[in-house]
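Spelled out, the chains give:
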Amino acid sequence: MIRYVAGRLLAFVPVLWVVATLTFALLRFLPGGPFDKEKTLPPEILRNLERRYALDGTLTEQYVDYLGRLARLDLGPSYKYVGRDVSDILADALPVSIELGLLALLIALAGGISLGLAAGARNGSALDRSIGVLTLLGVSAPSFVIGAGLILGVALGLDWLPAGLWEGPLYAILPALTLAALPLAYIAQLTRAQVVTVMDQDYVRTARAKGVSEGRVRRHHVLRNALLAVLTYFGPLLAMLLTGSFVVEKIYAIPGMGRFFVTAVTNRDYPLVLGVTLVYAALVLASNLLVDLLYAWLDPRIRISGDER
Amino acid sequence: MTGSKLAGALGALLIAALVVVALSGDRLAGHRYDAQDAAHALEPPSRAHWLGTDALGRDQLARVAEGARVSLLVAVGATALALAIGLGYGLLAGWLGGRVDGAMMRVVDVVYALPDVLVIVLLIEVLQVTLAGVPDIARRVAALVVALGFVGWVGVARLVRALVLQAREETWVEAARALGLRDRRILLRHVLPNIAGPILVAAAFQIPAAILAESTLSFIGLGIQPPFSSWGTLASDGFEAMRSYPHLIIFPCLAILLALVGFHLLGETLRAVLDPRRRL
Amino acid sequence: MQPVPRELRINLETEPPSLDWSLATDGISIIAIQQLMRGLTRLGRDLRAEPDLAERWSVSPDGRTYTFSLRPGVVWSDGVPLRAQHFVDGWLRLLAPETAAEYAYFLFPVKNARAFNAGEIHDPEAVGVRARDDATLEVELEAPLVYFPSLVNFMVTFPQRRDLIERHGERWTEPPNLVSLGPFVLEEWRHEYRLVMRANERYWAGRPALDRIVAYMIEEDSTALVLWEQGLLDLVKLPPLEIRRYETRPEYLRQPLLRGYYYGFDVREPPFDDARVRRAFALAIDRSVFPGLLRGGEQPSSSWIPPGMPHANASLGLGFDPERARALLREAGVDPAKLAPVRIVFNSDQTHKLVAEKVQALWREHLGVRVELENREWKVFLKELASDPPPVFRLGWGADFPDPDNFMNLFTSYSENNKTGWANPRYDALVERAARAPEPAERQRLYDEAQTILCEEDVPIVPLFVTASNFAVAKRLHGFVPRAMDQYFFDEVSAD
């Protein structure tokens with residue numbers, strides 16, 4: 001077990017290296033540099049800047065330099081935010097995204113699983129149908145549609161909750177709901193489908209026929225299978241929620257990390273782009289590992305081989 | 001299953017309606033999508049302009065229809081691309097197996113580990129430059145198709161590979177081999193048709209995912225650019241004015257919502273028919 | 001959600017890239033720095049340089065040496081008195097090549113400053129700035145420059161504390177390291193989220209009326225506006241399309257800016273290598289449509305020096321005259337029907353898009369030419385302008401200091417910001433002479449002549465309009481007066 005985990009962790013390194021190299025190459029292919037501005041800089045000033053940020057060497061030199069620093073876990077300085085290191089920026093932004101992401105995850109899991117269980121248990125009922133419509137809308141609505149709706153309705157119209165900012169629990173509700181809507185709906189659909197399938201299986205029928213209590217059947221068979229289904233979706237979801245969403249952070253003015261996936265590229269802030277990419281990649285790899293371990297724990301039939309889906 | 005068929009019919013109806021609107025938008029609206037009319041700017045829905053007009057006095061219905069053309073084109077294109085790459089890659093990896101498969105799956109891991117948004121943003125910008133000389137709208141659409149196709153193919157590849165691995169173990173494949181049929185023939189004539197159902201279902205769900213991605217990208221200003229519009233661009237313009245002119249944001253959002261609901265319903269039905277083992 | 005008394009909550013829109021006034025270059029940083037710091041002079045409401053940290057100044061008869069006498073009793077927020085050496089330190093730091101300050105060129109008029117910045121001379125003593133004593137700063141210029149006192153209202157010329165920068169390194173701008181001498185001091189900086197500034201008890205002109213300024217970084221104007229409606233913000237800029245709804249309300253405030261918006265031609269390539277063609281395209285633009293289209297208080301302007309700037313002259317430039325435009329095209333031998341589509345390239349933005357679509361329609365209607373629009377992401381656009389400018393492009397220019405030289409210098413043949421490829425020695429000479437001319441009447445004449453060349457004869461650019469800022473201001477605020485240079489002095493503001 002420990003050897004397995006260690007092996008998987010070790011395998012992160014080459015993946016991260018390839019990710020860094022790919023991103024580096026793509027970035028440098030983009031025209032325009034970090035110091036191209038509306039007011040063009042005189043050449044002597046441009047040279048000073050390039051020297052300061054070690055952009056005056058050849059591309060290979062810069063690449064080797066960057067990898068060297070990376071090996072020492074130094075992500076380098078940001079070009080846009082003078083005097084701030086990429087690690088400072090991430091240390092500020094990542095916790096906010098994680099906080100919001102965990103809240104959204106909680107809402108999505110709790111809401112999704114309970115809606116799914118409720119709908120699946122009463123297959124075909126009016127409740128099932130209304131939940132079906134709701135989840136269908138949930139998987140169909142882009143976050144900006146939900147965000148705009150909530151800001152107009154709940155913030156402006158009803159004036160119940162603030163339309164943005166990050167000042168405390170009250171301020172987290174609307175963005176967390178916006179972020180959670182799609183995964184919640186999807187988890188509900190997954191859970192419902194599992195419940196319907198499992199309830200139909202022979203062993204559940206047998207258990208029921210034997211007089212095993214309904215609650216026990218549900219706990220033992222239905223819930224476990226539903227969780228296993230949700231788990232396959234959990235890996236990508238975790239990384240996505242924890243690193244923040246550009247749209248949600250932008251429309252609610254939340255100081256998270258999601259914005260950098262876009263703004264760092266448009267600013268040509270090369271080290272920051274590489275920094276957020278590596279954090280994201282590491283999180284994806286880690287959550288996949290976590291999912292595989294949870295799998296093994298929830299379903300003893302699955303041996304760990306890292307080959308699931 | 002009647003419920004599912006009804007849902008499928010509803011989905012097909014929604015999509016058909018959107019396609020009709022997309023194809024006959026200007027005629028339906030009675031205005032060209034780029035015809036400006038300063039005297040009638042920012043009007044709410046009326047009989048002359050069913051969905052109102054925008055800041056330049058352009059008919060919002062014609063704009064939404066134009067947006068439908070672009071959004072649907074991007075979504076179908078991206079899905080086709082993702083399907084083509086993913087299918088080839090997955091078939092190869094699954095069939096060859098062993099070390100080749102292992103190496104090919106590491107590549108998939110890397111692509112998975114890259115943040116989608118960032119890859120899309122980078123690819124769009126790189127393609128903008130590579131395709132210089134191509135008309136603006138074609139370049140934008142092509143860039144989006146390639147970028148969305150690129151993040152979409154890995155999912156398809158994984159699915160296809162898993163299906164092929166499964167099929168390889170089936171007795172009829174062994175039998176075909178024993179009969180001395182060539183690999184390529186077995187793969188294309190026997191394995192592929194056998195696993196086509198789940199792949200089609202996956203493709204059906206790839207389309208709404210691509211619409212969602214495209215509209216989000218355009219909403220944040222990275223997708224389709226004026227004077228052309230997609231639903232995301234229109235929604236983004238509408239967001240800027242949502243206090244004063246709600247019709248500018250409501251209708252494009254409604255179009256996105258209806259399209260996605262339609263494709264999801266259709267996908268569900270396809271799944272019920274083609275891939276009965278897996279409900280989701 | 002009751003507003004806290006005497007607190008001002010504003011929207012900065014984005015994170016200020018830097019609060020180091022030697023390194024900051026953008027409008028957002030300037031808004032914050034302006035509350036924290038002060039310079040030798042400040043601009044009055046009439047845009048004239050007024051004494052600030054300098055109580056008075058004098059200029060030598062040859063116009064090359066300025067002597068500033070510092071106001072007594074000014075102290076930094078840590079209690080250290082302001083000395084002339086702090087200016088010398090700040091200016092030398094700005095100019096030192098290793099600082100890599102983008103706005104170092106602001107001080108290039110100072111003797112040897114450019115050579116020192118380029119690393120051609122290494123002796124800081126050779127740079128024309130010194131502290132004659134603690135209260136007297138002496139500046140020697142390369143050549144006379146009549147607007148020099150206006151220049152030193154700009155943040156890059158503010159004094160610096162070398163001791164603190166050396167002690168804290170690059171983190172000197174983080175609270176509590178940042179020491180300043182303006183009406184406010186920095187209390188908190190949550191990056192990408194908000195800045196909090198509190199009243200400076202030691203401010204020389206007396207503590208400001210406000211206790212605190214909280215400056216949020218809300219990118220979406222629509223979100224900020226809803227927050228304003230909810231009473232969570234006191235001051236926001238209005239998104240263009242929302243202006244009409246607020247125009248009639250007492251909370252609405254409009255301030256025209258010294259910011260010009262223009263279309264430029266690449267004069268090296270046909271058809272725009274012919275001045276007649278450029279004049280024709282300029283004459284076919286009906287500028288009166290822009291205010292109604294953009295709704296942001298834009299003011300059409302056919303001349304380049306924006307109204308409100310000294311020596312502006314609104315009567316110059318080419319107005320709307322489609323007849324003459326078509327005649328000019330014929331004269332130049334251009335058949336609109338056979339002309340390849342004209343490309344307008346702009347950077348992706350709602351306003352630029354609307355303007356381009358309008359210009360496209362105008363040129364199509366009045367000249368009969370086909371026009372293609374292309375937009376680029378900002379950085380790509382800038383790269384393209386620098387390497388291979390498109391036939392027609394849009395750009396803007398905001399005043400850094402309130403002197404026409406800031407605008408007119410832009411299109412000299414040696415300006416890095418002149419993307420048109422246009423060079424006219426007569427224009428260059430006029431602009432250079434005007435920068436040195438002490439007589440206002442003489443300057444007016446020189447600038448009028450230069451503007452005639454720029455906007456009527458050679459027409460490498462077509463000025464379209466100057467922009468304005470539109471605010472919603474909470475009723476509880478008093479004394480908020482924005483400036484035409486997009487400057488804000490919140491020490492003038494009080495809150496109920």
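Residues numbered from 1 in each chain as written. Chains lettered and ligands numbered in written order. Predicted model: local features only at pLDDT ≥ 70, side-chain atom pairs only at ≥ 80, totals over all residues.

Draft legend 1. Structural view of the overall build of chain B. Scanning chain B from terminus to terminus reveals nine helices and zero strands. Secondary structure elements of chain B occur, N-terminal to C-terminal, as α-α-α-α-α-α-α-α-α. Each of the three principal axes of chain B carries a C-alpha extent, and together these read 75 × 50 × 30 Å. Looking at chain B as a whole, 53% of its 280 residues qualify as buried. In chain B, 69% of the contacts between residues at least 6 apart in sequence involve partners at least 24 apart. (Helix = DSSP H or I, 4+ residues; strand = E, 2+ residues; numbered from the N terminus. Buried ≥ 20, exposed ≤ 12 C-beta atoms within 10 Å, placed from the backbone. Contact = placed C-beta atoms within 7 Å.)

Draft legend 2. Representation of the overall build of chain A within the structure. A count of helical and extended segments in chain A gives 12 helices and zero strands. Seen in sequence order, chain A has helices and strands lined up from the N terminus as α-α-α-α-α-α-α-α-α-α-α-α. Taken along the three principal axes of its C-alpha coordinates, chain A extends 85 × 55 × 30 Å. Evaluated residue by residue, chain A yields a buried proportion of 45% over its 309 residues. Intrachain contacts of chain A at a sequence separation of at least 6 include 72% that bridge at least 24 residues.

Draft legend 3. Focus on the packing of helix H6 (residues 143-157) of chain A against helix H7 (residues 169-200) of chain A. Residues and elements named next belong to chain A. The interhelical angle for the contact between H6 and H7, taken along N-to-C directions, is 150°, at an axis separation of 9 Å. By the criterion of interaxial angle, the relationship of H6 to H7 is roughly antiparallel. The interaxial crossing formed by H6 with H7 has right-handed handedness. From H6, Ser143, Ile146, Gly147, Leu150, Val154 and Ala155 reach across to H7, where they touch Leu174, Leu177, Thr178, Leu179 and Ala181. Of the residues assigned to the contact of H6 with H7, the class counts are eight nonpolar, three polar and no charged. (Axes fitted to C-alpha atoms, helices over the stretch in contact; angles between N-to-C directions. Parallel < 35°, antiparallel > 145°, perpendicular 65-115°, else oblique. Left-handed = near helix turned anticlockwise from the far one by under 90°. Nonpolar A, V, L, I, M, F, W, Y, C, P; charged D, E, K, R; others polar.)

Draft legend 4. Highlighting the sheet that holds strand E6 (residues 129-133) of chain C. Residue and element names in this part refer to chain C. Across the sheet, which stays open at both edges, the four strands sit in the order E4-E5-E7-E6 with antiparallel pairing between neighbours. Edge positions in the open sheet fall to strand E4 (54-59) and E6, since each of these has one partner strand only. Averaged over neighbouring strand pairs, the angle between their axes works out to 20° when direction is ignored. Sheet analysis places E6 next to strand E7 (residues 136-140), joined by four bridges and oriented antiparallel. The partner of Val129 across the bridge, within E7, is Val139. In this fold helix H2 (residues 84-95) packs onto strand E5 (65-70), E6 and E7, with an angle of close to 170° to the strand it touches most, E6. (Pairing = 2+ DSSP bridges.)

Draft legend 5. Expanded view of helix H5 (residues 126-140) of chain A. Between its terminal C-alpha atoms H5 of chain A stretches 21 Å, which fits the 21 Å expected from 15 residues at 1.5 Å a residue. Among all positions of H5 of chain A, only Ile131, Thr135, Gly138, Val139 and Ser140 of chain A are buried. On the buried face of H5 of chain A, the contacting elements are helix H4 (86-121) and H7 of chain A together with helix H9 (247-274) of chain B. (Expected span 1.5 Å × (residues − 1).)

Draft legend 6. Quick peek at the pairing of E7 of chain C. Residue and element names in this part refer to chain C. Only one face of E7 is covered, namely the face carrying Leu137 and Val139; the face carrying Thr136, Glu138 and Glu140 is uncovered. In the sheet, E5 pairs with E7 via five bridges, with the strands oriented antiparallel. Bridge pairing in E7 places Ser69 opposite Thr136. Here E6 folds back onto E7, and the loop between the two strands holds two residues.

Draft legend 7. Local environment of the interface of chain C and chain A. Facing 37 residues of chain C, the contacting portion of chain A comprises 36 residues. Contributing elements (two or more residues each) for the side of chain C that touches chain A: helix H6 (221-229) and helix H12 (378-387) of chain C. The element best represented in the side of chain C that touches chain A is H12 of chain C, accounting for six residues. Across the side of chain C that touches chain A, the residue classes tally to 17 nonpolar, seven polar and 13 charged.

Draft legend 8. Quick look at the interface of chain B and chain C. Taken together, the contact between chain B and chain C spans 20 residues of the former and 22 residues of the latter. Secondary structure elements with two or more residues in the side of chain B that touches chain C: helix H4 (116-130) and helix H8 (231-240) of chain B. In the side of chain B that touches chain C, the residues fall into 10 nonpolar, five polar and five charged.

Draft legend 9. Representation of unusual backbone geometry. Residues and elements named next belong to chain C. Put simply, Pro175 and Pro176 share a cis peptide bond, and its omega is 0°. Residue position: Pro176 is located in the loop between helix H5 (162-168) and strand E8 (184-190). The omega angle of the peptide bond from Pro270 to Pro271 is 0°, so this bond is cis rather than trans. Note that Pro271 resides in the loop between strand E12 (252-265) and helix H8 (275-283). One non-glycine residue with positive phi stands out, namely Leu47, at about 70°. With respect to the helices and strands, the residue Leu47 is situated in the loop between strand E2 (41-43) and strand E3 (49-51).

Draft legend 10. Representation of helix H7 (residues 183-219) of chain B. All names here are of chain B. Across its 37 residues, H7 extends only 47 Å between first and last C-alpha, which sits more than 12% below the 54 Å expected from 1.5 Å per residue. The sharpest bend along H7 comes to roughly 50°, located at Ala196, with the proline Pro198 sitting one to four residues further on. Count one or two residues on from H7 and you reach Gly221, which has phi positive near 90°. (Bend = angle between axes of the 7 residues up to and from the residue.)

Draft legend 11. A look at the environment of Gly368 of chain C. Residue and element names in this part refer to chain C. Structurally, Gly368 can be placed in the loop between helix H11 (350-367) and strand E15 (371-376). On the neighbour-count criterion, Gly368 (14 C-beta atoms within 10 Å) is partly exposed. Ignoring anything within four residues of it in the chain, the contact list for Gly368 reads Pro336 and Ala337.

Draft legend 12. Broad picture of the pairing of strand E9 (residues 194-199) of chain C. All names here are of chain C. Across six bridges, the pairing between E8 and E9 is antiparallel. Directly across from Glu188, in E9, lies its bridge partner Val196. The hairpin formed by E8 and E9 contains three residues between the paired strands, and Glu192 there has a positive phi angle of roughly 65°. Summarising the sheet, E9 and strand E10 (residues 212-216) pair through five bridges and their orientation is antiparallel. Bridge pairing in E10 places Leu195 opposite Ala215.

Draft legend 13. Representation of the confidence of the model for chain A. Residue and element names in this part refer to chain A. With 95% of its residues at a pLDDT of 70 or more, chain A has an overall mean of 85. Put simply, helix H8 (residues 202-209) is where chain A has its lowest mean pLDDT, 74, and H6 is where it has its highest, 93. Across residues 304-309 the pLDDT falls below 50, and counting only partners more than four positions away or on other chains, this stretch makes 11 contacts in the model. (pLDDT = per-residue confidence, 0-100.)

Draft legend 14. Inspection of the environment of Leu181 of chain B at higher detail. Residue and element names in this part refer to chain B. Along the chain, the position of Leu181 falls in the loop between helix H6 (171-178) and H7. For Leu181, a count of 15 C-beta atoms within 10 Å puts it in the partly exposed group. Note: C-alpha distance between Leu181 and Val201 (20 residues apart in sequence) is 29 Å. Setting aside residues no more than four positions away along its own chain, Leu181 makes contact with Ala176 and Ile186.

Draft legend 15. The nonpolar core, seen in detail. Among the nonpolar cores identified, the biggest contains 333 residues, and Ile120 and Val121 of chain B are the most heavily contacted of them. Those residues in contact with Val121 of chain B, other than ones at most four positions away along the chain, are Phe261, Val262 and Val265 of chain A together with Leu222 of chain B. (Core = buried A, V, L, I, M, F, W, Y, C linked by C-beta atoms within 7 Å.)

Draft legend 16. Quick look at the packing of helix H2 (residues 60-96) of chain B against helix H5 (residues 136-168) of chain B. Residue and element names in this part refer to chain B. Between H2 and H5, the shortest axis-to-axis distance is 5 Å and the interhelical angle comes to 35°. Relative to H5, the crossing made by H2 is right-handed. Looking at the contact of H2 with H5 residue by residue, the classes come out as 25 nonpolar, seven polar and two charged.

Draft legend 17. Summary view of the environment of Arg330 of chain C. Residues and elements named next belong to chain C. Here Arg330 shows up in helix H10 (residues 322-331). Residue Arg330 is classed as partly exposed on the basis of its 13 C-beta neighbours within 10 Å. For the pair Arg330 and Val277, spaced 53 residues apart in the sequence, the C-alpha separation amounts to 9.2 Å.

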